[in-house]
Amino acid sequence: MDPKTATTFGVLEQYHLLSFESKASTYEFYQGLACLSDNTDGVLTTEPGQCTVLCPACPQPGINLPEDWKDASSDKQWLYALFIGIDANFHLKWKLVSSDTIDPGINKGWSYFIEEKAYKAYLGDHKDQNQEVYHYGLPILLSNEVPWVVILNILYDIASPECGWANINPIKSSTKEMGPGSCLLANAIHERSDHQHKLIELEGCMQIEDISQWRDEVEAWEQDHTQPNPFKGAETQATVQLELTRIEATKLETGNNICLHADVPPSILISSGIDLEEQQQQLSFEIAVLSTHATDNQLAKVQQHINALHRKIDTWQDIQLLYMPFVSHLCASEESIHSPAEPTPVEAIHLWLPSTMLHYVQANDALKDIQNLLHL
């Protein structure tokens, strides 16, 4: 004999009593003892997502959708769309103080949490895919897990100055050793009324023609995503810089590189020129705010900025002549206007950049900064 389990007479007496009074079988009594000893059998058999409670507000075919919901007219299809909200705050971080080995989680993919190893493996398999196309992989996941989805709306909210809950950033140090929190939606009716009031107020400041054009563009894009996306953000300085860099990479690959300087290709020349223009504006502001009674220390700092910017512009203009030799004639014409005794102030030196597109994207950046400041 090679017994694996031993029982006491007390356990046998307990089983004898239960078998007469509750009609419990030997198997049921054994399973009860197993749970009393180590109640983890349910943990081992629980499947990912099995503990999830279905959202009563989300569309669920066969539960809260009419049978003909797929045949709804275009102006009613939004009623059956799936909305997914993602909140992100990159200021809230964890300390690298633990690991799954040291502190393993009890939850391994249950309920609304994704199993970490599978999630990281998925990210590794899709790290080379374009973010704008795959939207962080959600459509791919949903196409496999929720095949009934016809309309999907993803709201990705990053905590920034225009987000009210970004105000919690000052307490980020107290969250470094905490786990992920949850975001609750409260006062939905009040928020809807407030949002509607702001929308009416906004539309009151706009032309009716502009509102109609915007609505037509949105409806056209919703019907056919090959149409121009009206929600796509305006071009910024960063997007123009990215496009110039990609064009340069293409030319390098095809052997059509026209780089005339070892360290400064055309894209770097333009982006650095934009930065110099911004520094000129900042210097103009510093000079303007100097009072008639400025201290020697204040005057010294401004003069240091003038000298440093002058050296940068001189170096930049030497490289500019390699790509834009005609600028030398423009500079000569401008210098002929000014007296040698009164040279052009460094903050007023004309850099002769291809201004039309650059000023357009700079204006977009400025408008975005103003919007952020208005929401502080």
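Residues numbered from 1 in each chain as written. Predicted model: local features only at pLDDT ≥ 70, side-chain atom pairs only at ≥ 80, totals over all residues. Heavy atoms only, no water.

**Side note on the side chain of Gln 280**
Locating Gln 280 in the fold gives a position in helix H10 (residues 266-288). In this structure Gln 280 touches Leu 309, Ile 313, Val 346, Glu 347, Ala 348, Ile 349 and Leu 351, once residues within four positions along its chain are discounted. (Helix = DSSP H or I, 4+ residues; strand = E, 2+ residues; numbered from the N terminus. Contact = heavy atoms within 4.5 Å.)

**Some thoughts on the confidence of the model for the protein**
On average, residues of the protein carry a pLDDT of 76, and 72% of them reach 70 or more. Element-level mean pLDDT values for the protein span from 48 in helix H5 (residues 131-134) up to 91 in helix H11 (residues 296-323). Taken together, the stretch residues 133-137 has pLDDT below 50 and engages in 7 contacts with residues farther than four places along the chain or on a different chain. Segment residues 177-186: pLDDT under 50, and 6 contacts once partners within four positions in sequence are set aside and those in other chains are kept. (pLDDT = per-residue confidence, 0-100.)

**What to know about the pattern of salt bridges**
Evaluation of the coordinates by the stated rule reveals 1 salt bridge. A salt bridge links Asp 194 to Lys 198, with the nearest nitrogen and oxygen atoms 3.5 Å apart. Taken as a pair, Asp 194 and Lys 198 lie in helix H7 (residues 188-203) at a separation of 4 residues, close to a single helical turn. (Salt bridge = Lys/Arg side-chain N within 4 Å of Asp/Glu carboxyl O.)

**As for a negative patch on the surface**
Side chains of Asp 216, Glu 217, Glu 219 and Glu 222 sit close together on the surface and give a patch of like negative charge. Residue Asp 216 is classed as partly exposed on the basis of its relative accessible area, which comes to 49%. (Patch = residues over 30% accessible without salt bridge, like charges linked within 9 Å, V, L, I, M, F, W, Y side chains within 5 Å. Areas by Shrake-Rupley, 256 points an atom, 1.4 Å probe, with all protein chains shown as cover. Lys, Arg positive; Asp, Glu negative; His and termini not counted. Charge placed at Lys NZ, Arg CZ, Asp CG, Glu CD. Buried < 20%, exposed > 50% of the residue type's maximum accessible area, 1.4 Å probe, protein only.)

**Section: the packing of aromatic side chains**
This structure, assessed with the given rule, holds 2 aromatic pairs. Considering the side-chain rings of Tyr 15 and Phe 29, the 5.2 Å spacing of their centres and the 45 degrees angle between planes classify their relative orientation as tilted. Taken together, the residues span a long stretch of sequence, with Tyr 15 in helix H1 (residues 9-21) and Phe 29 in helix H2 (residues 26-37) at a distance of 14 residues. Residue classification places Tyr 15 among the partly exposed positions, given a relative accessible area of 25%. Accessibility expressed as a relative area gives 12% for Phe 29, which makes it buried. (Phe/Tyr/Trp six-rings, centres within 6.5 Å; stacked < 30°, edge-to-face > 60°.)

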